Amino acid sequence: MRTNEGLARLEAAVSALGDVDVSAWPEDTLKEQLGELSAALVALDTSLSRIADEVRARGLRVEEPVPV
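What you see is a predicted model; the values in this text were computed from it and never measured.

What counts and how
What you see as residue numbers is a count from 1 along each chain, following the sequence as written. With the structure being a predicted model, the display of local features is reserved for residues of pLDDT at least 70 and the display and counting of side-chain atom pairs for 80 or more, all residues being used for whole-chain, interface and lining totals. Computation of side-chain values: all heavy atoms of the structure, hydrogens and water removed. Working definition: helices are DSSP H or I runs of at least four residues, strands are E runs of at least two. Numbering for both runs from the N terminus. Remark: exposure states derive from per-residue accessible area (1.4 Å probe, protein chains only) relative to the maximum for the residue type, with buried under 20%, exposed over 50%, and partly exposed in between. All accessibility values rest on the Shrake-Rupley procedure with a 1.4 Å probe; residue burial counts only the protein chains present in the view. Whenever a carboxyl oxygen of Asp or Glu lies within 4 Å of a side-chain nitrogen of Lys or Arg, that contact is scored as a salt bridge.

J.: Describe in detail the overall build of the chain, supporting the description with residues and values.
T.: Secondary structure summary: the chain contains 2 helices and 0 strands in total. Summarising its shape, the C-alpha atoms of the chain cover approximately 45 × 30 × 25 Å along the three principal directions. Split into buried and exposed, the 68 residues of the chain put 4% on the buried side. With an accessible surface of roughly 6,200 Å², the chain has 57% of that area assigned to carbon and sulfur atoms.

Take a look at the structure:
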């Protein structure tokens, strides 16, 4: 995957996740979807950790942006 395409896809994922508001889900819905939600969260964590580890393996730091 090309650099620009990869970054665009990451930014789209961040944007999509920003629209998820689990606190607004009814309790029953959350309980029904908990298995799928958990699987998605674990998959995201795994992917993001892999990407961060690859950056660190090249001697670079993954830093939290400083708010302006």
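J.: Pulling in residues and values, what's your account of the pattern of salt bridges?
T.: Summed over the entire model, instances satisfying the criterion amount to 4 salt bridges. Between arginine 50 and glutamate 54 there is a salt bridge, with its nearest N and O atoms 3.1 Å apart. Taken together, the residues span about one helical turn, with arginine 50 and glutamate 54 both in helix α2 (residues 27–57) at a distance of 4 residues. The class for arginine 50 is partly exposed, based on a relative accessible area of 45%. Residue glutamate 54 is classed as partly exposed on the basis of its relative accessible area of 44%. The shortest N-O distance in the salt bridge between glutamate 63 and arginine 61 comes to 3.6 Å.

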